[in-house]
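# Residue-level structure breakdown
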Amino acid sequence: MTFPINGSCQCGEVSYTLKAAPRMVVACHCKACQKLSSSAFSITAIVDKDDIEFSGLMKEWRRPADSGNVSGAKFCPTCGNRIYHFNPAEPNSIKLKPSNLDDTRLIQPTVHAWVSEKQDWYTIPEGVIVFDKQP
């Protein structure tokens, strides 16, 4: 893939430029991510903060994670699309929600987390790293 790649929320009020490949792409099957995605799992691309630039106003929401950390989310206040998640204790890491990239070819999860809560009908692909809970 060639970088940079642009992305935006559904209404276009929030946009961003991803300047480098993610460190990893994870499919999370926990119940919270199922609610977030309205599907069987949520996809997250772990990127360095310096490799992404955002434009537009975002709102923030936070909740405690099972690990004891804080799970924060940034989203468009107009259309509600999640743009990324973050842990305030790890300020240099962004957990990008990559389904809103203009070019989605990089969305190929190599890690599946929280498979203990996955939907029974979904089969994990062979050759990926699997975690029963949080890695």
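The paragraphs below set out a description of the structure included in this document. Note that residues are indexed from 1 along each chain, following the sequence as it is written. With the structure being a predicted model, the display of local features is reserved for residues of pLDDT at least 70 and the display and counting of side-chain atom pairs for 80 or more, all residues being used for whole-chain, interface and lining totals. Computation of side-chain values: all heavy atoms of the structure, hydrogens and water removed.

### A look at the nonpolar core
The term nonpolar core refers to a set of buried residues drawn from Ala, Val, Leu, Ile, Met, Phe, Trp, Tyr and Cys, joined through side-chain atoms within 4.5 Å. Whether a residue is buried, partly exposed or exposed follows from its accessible area with a 1.4 Å probe, protein chains only, as a fraction of its type maximum: under 20%, in between, or over 50%, in that order. Formed by 26 residues in total, the largest nonpolar core has its most connected members in I52, I83, Y84, L96 and L106. Elements with a minimum of two residues in this core: β2 (15-18), β3 (24-28), β4 (42-48), β8 (82-86) and β9 (93-96). The next biggest cluster of nonpolar side chains, apart from the first, holds 7 residues, and it includes C30, V111, A113 and W114. Here a helix means four or more residues in a row that DSSP labels H or I, a strand means two or more in a row labelled E, and each is numbered from the N terminus.

### Looking at the state of the cysteines
Working definition: a disulfide is two cysteine sulfur atoms within 2.5 Å of each other. Applying the stated criterion across every chain yields a total of 0 disulfides. For the unlinked cysteine C9, the closest cysteine sulfur is that of C11, found at 3.7 Å. In this structure C33 is not part of a disulfide, and its nearest cysteine sulfur, from C28, lies 3.7 Å away. A relative accessible area of 11% places C33 in the buried class.

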